[in-house]
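# Commentary on secondary and tertiary structure
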Amino acid sequence: MRVYALKPFHDEDTGCARWPWLSMPDREAQEEFCTAIHRSIIASRPPQLHPWRPLPVVVVRQGSLHPHEPPADLSTLGLERLYTPLTLSQRAVEALGDLLAPDAELLPLDCQEGRYYLLNVTRLLRPLDLPNSLVKWEEGPFGPKLSSAYILSFREDLLQGVNIFAMPEYPMGGYYITDALKERIEAAGLRSNLQPLLVWDSQDPEYFDERYRHNPAQWQRFRQMLLVQQGLAEPPPPPPPPPPREVVEEPLSQEDRQSILNILQAAVKFINRAERLKLQLSSEPKLLVQQVFFQCEKLRRRRDLSQDERENRAIELGLLWGEQVCRAYGWEWVKLDGDHVVVAPDRSAYVSPVVYMYGFFYDPERENNTLLLFNMIGAKGKIPAKPGDYLNIG
């Protein structure tokens, strides 16, 4: 048996999705809708969407490789988060419906461009074989949950007859499928904005986790960590402690503040133009951070970006992200050793937003954790630092 993670596809040259996708006209309403589903999954409750009225959706074409084509046969609602419900065309329903029926329900969408459905996955499982998995736990509202899953291993007996499922302890992992559904998707030739990546093979102990296809060295490192966890290998020696450093903090000049303001205005203008939105610098910080996450995902994989444009976008999105940390959590802009950073009020931690964003733009395979770090900063006790540590968490 093999298990695959359904992950959004982005063209490596342009950062675009393959095909247009469906989205709710009201982005905030869509965020609330998807968050409710996410909470249900965390609580091990299949999302209850009844009574159901066909959800109105629009087609998003900008940001796809084929903007003049109909929407994808298989995609996610909004194409922005992994745990959003899936959307299927009538063609996909006819090809996959019998395999999906035991694990999910199909709910009609109100779309003017054809018959499309929301796939509400109701099969919630806890099938992990933990002794053979390499994971990181954190406390959640309904008990421990996974903050990271580096190697996933499953109990085959719990997946018999299952075609698609989600895991309450790891909702950020999205949806997982098994062989039969993966093969049917490929045989039907469906146009998909999702790609199934192999994460486990019960018959091959030397399988390669395709999530690491661009970084096989990282996969080997995690395999070694699993051997250490299982007591089959010796842990590497700990690195030497870093030498203490002196920190020089200065307030920003009026000229610095005006320069940052100009760049923030340019960043919002760029997002509004790219997504046809009407955001302002006074918009909800989390909403702006979500757009930073989305634009970073789209832009950093584009190979046609000039060096100047890449740098400009990294600066704009980095400063916009840092400004929302200040607005939401009371952090402040300062100069730290000559660099513009946002720092916690008690000086326990700081982030250099531009350097932080550069890391994503110049390493397309680095995990984009801009939204995760933003939320972590707002959660008490999540930053392992004491007042005055000046810990760089970016």
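Residues numbered from 1 in each chain as written. Predicted model: local features only at pLDDT ≥ 70, side-chain atom pairs only at ≥ 80, totals over all residues. Heavy atoms only, no water.

### Notes on the overall build of the protein chain
Formally: To qualify as a helix, a DSSP run of H or I must reach at least 4 residues; to qualify as a strand, a run of E must reach at least 2; elements of each kind are numbered from the N terminus. Note on exposure labels: buried denotes an accessible area under 20% of the residue type's maximum, exposed denotes more than 50%, and partly exposed covers the range between, all computed with a 1.4 Å probe on protein chains only. The contact rule is simple, with two residues in contact once any of their heavy atoms fall within 4.5 Å. Each accessible area is a Shrake-Rupley result for a 1.4 Å probe, and residues are judged covered by the shown protein chains and nothing else. The charge count treats Lys and Arg as positive and Asp and Glu as negative. His and the chain ends do not count. Every charge is mapped onto a representative atom, which is NZ of Lys, CZ of Arg, CG of Asp or CD of Glu.
From N to C terminus, the protein chain includes nine helices and 18 strands. Viewed in the frame of its principal axes, the protein chain has a C-alpha envelope of about 65 × 55 × 40 Å. For the protein chain, the residues scored as buried account for 52% of the 394 residues in total. Of all intrachain contacts in the protein chain linking residues separated by at least 6 positions in sequence, the fraction that spans at least 24 positions is 68%. Of the roughly 19,400 Å² of accessible surface on the protein chain, 52% is carried by carbon and sulfur atoms. Considering the protein chain, the positive charge centre built from 44 side chains and the negative charge centre built from 53 side chains are found 3 Å apart.

### A few points about the pattern of salt bridges
Applied cut-off: Any Lys or Arg side-chain nitrogen found within 4 Å of a carboxyl oxygen on Asp or Glu counts as a salt bridge.
All told, the structure shown has 21 salt bridges when counted by the stated rule. Where Lys386 meets Asp389, a salt bridge forms, and the shortest distance between an N and an O atom there is 3.8 Å. Residue Asp389 is classed as partly exposed on the basis of its relative accessible area of 38%. If you follow the salt bridges from partner to partner, you end up with Arg27, Glu275 and Lys298 in one network.

### Some thoughts on the sheet that holds strand E6 (residues 86-89)
The line we're drawing: At least two bridges found by DSSP between two strands are what make those strands a pair.
Taken in spatial order, the five strands of this open sheet run E3-E7-E8-E6-E5, and their pairing is mixed. Both outer strands of the open sheet, strand E3 (55-56) and strand E5 (74-76), are each paired with one neighbouring strand and no more.

### What to know about the UniProt feature "domain: Immunity MXAN-0049 protein" (unreviewed entry) in the protein chain
Quick reminder of the rule: UniProt positions are given in the numbering used here, feature names are shortened, and annotations may be inferred rather than shown by experiment.
Per the UniProt record, "domain: Immunity MXAN-0049 protein" (unreviewed entry) is annotated on residues 114-191. Annotated as residues 114-191, this span is 13% helix and 37% strand, and its ends, taken at the C-alpha atoms, are 15 Å apart.

### Thoughts on the packing of helix H6 (residues 285-299) against helix H9 (residues 370-378)
Basically, it comes down to this: Axes here refer to lines fitted to C-alpha atoms; in helices the fit is confined to the stretch in contact. Angles between the N-to-C directions go from 0 to 180 degrees. Each angle receives one of four descriptions, namely roughly parallel if under 35 degrees, roughly antiparallel if over 145, roughly perpendicular if within 65 to 115, and oblique otherwise. Gly counts as polar in this scheme, as do all residues outside two lists: the nonpolar Ala, Val, Leu, Ile, Met, Phe, Trp, Tyr, Cys and Pro, and the charged Asp, Glu, Lys and Arg.
The N-to-C vectors of H6 and H9 enclose an angle of 150°; their axes lie 8 Å apart at closest approach. On the basis of their axis angle, the class for H6 and H9 is roughly antiparallel. In contact with Pro285, Lys286, Val289, Gln290 and Phe293 of H6, H9 contributes Thr370, Leu371, Phe374 and Asn375. Of the residues that constitute the contact of H6 with H9, the class distribution is five nonpolar, three polar and one charged.

### Quick look at the sheet that holds strand E1 (residues 2-8)
Read from one edge of the open sheet, four strands run E11-E12-E1-E13, paired in antiparallel fashion. Looking at which strands have only one partner, the edges of the open sheet turn out to be strand E11 (164-166) and strand E13 (194-201). Going from strand to strand, the sheet's axes swing by 35° on average, the running direction of each strand aside. Bridge count between E11 and strand E12 (residues 175-178): three bridges; the pairing is antiparallel. Its bridge partner being in E12, Phe165 is matched across the sheet by Tyr176.

### Overview of helix H3 (residues 179-188)
Since the α-helix advances by 3.6 residues per turn, residues separated by three or four positions end up pointing in the same direction. Every buried residue of H3 is listed here: Asp179, Leu181, Lys182 and Ile185. Looking at the packing, one finds that the buried side of H3 touches E1, E5, helix H2 (90-100), E11, E12 and E13. Gly189 sits one or two positions beyond H3 and adopts a positive phi of about 65°.

### Notes on helix H8 (residues 353-361)
For H8, the buried fraction is high: seven of the nine residues fall into the buried class. Within the span of H8, buried status applies to Pro353, Val354, Tyr356, Met357, Gly359, Phe360 and Phe361. Structurally, H8 contributes buried residues whose contacts are with H6, helix H7 (307-329), strand E15 (332-336), strand E16 (339-343), strand E17 (349-351) and H9.

### Points about the packing of aromatic side chains
For the record, the criterion: Two rings belonging to Phe, Tyr or Trp (six-membered ring only in the last case) form a pair when the distance between their centres is within 6.5 Å. Interplanar angles under 30 degrees mark stacking, angles over 60 mark edge-to-face geometry, and anything in between is tilted. Lysine and arginine charges are scored as sitting over a ring when NZ or CZ, respectively, is within 6 Å of the ring centre and within 35 degrees of the ring normal.
This structure, assessed with the given rule, holds 14 aromatic pairs. With centroids separated by 6.1 Å and ring planes inclined at 80°, the aromatic side chains of Phe154 and Phe165 adopt a geometry described as edge-to-face. Taken together, the positions of Phe154 in the loop between strand E10 (143-151) and E11 and Phe165 in strand E11 put the pair eleven residues apart, joining distant regions of the chain. The exposure class of Phe154 is buried, given its relative accessible area of 3%. Each residue in the set Tyr150, Tyr207, Phe208, Tyr212, Trp219 and Phe222 is aromatic and connected to the rest through ring pairs, giving one cluster. The side chain of Arg191 reaches across the aromatic face of Trp19, ending 4.5 Å from its centre. Here Arg313 stacks its cationic end above the ring of Phe270, 3.9 Å away from the centre of that ring.

### Details of unusual backbone geometry
Cis rather than trans, the peptide bond between His50 and Pro51 has omega equal to 0°. In the Ramachandran plot, Arg347 falls in the positive-phi region, its phi being about 60° despite a non-glycine side chain. Take Arg347: it is sitting in the loop between E16 and E17. The buried category is assigned to Arg347, whose relative accessible area is 13%. For Tyr390, which is not a glycine, the phi torsion comes out positive at approximately 50°. With respect to the secondary-structure elements, Tyr390 resides in the loop between H9 and strand E18 (391-392). A relative accessible area of 16% means that Tyr390 is categorised as buried.

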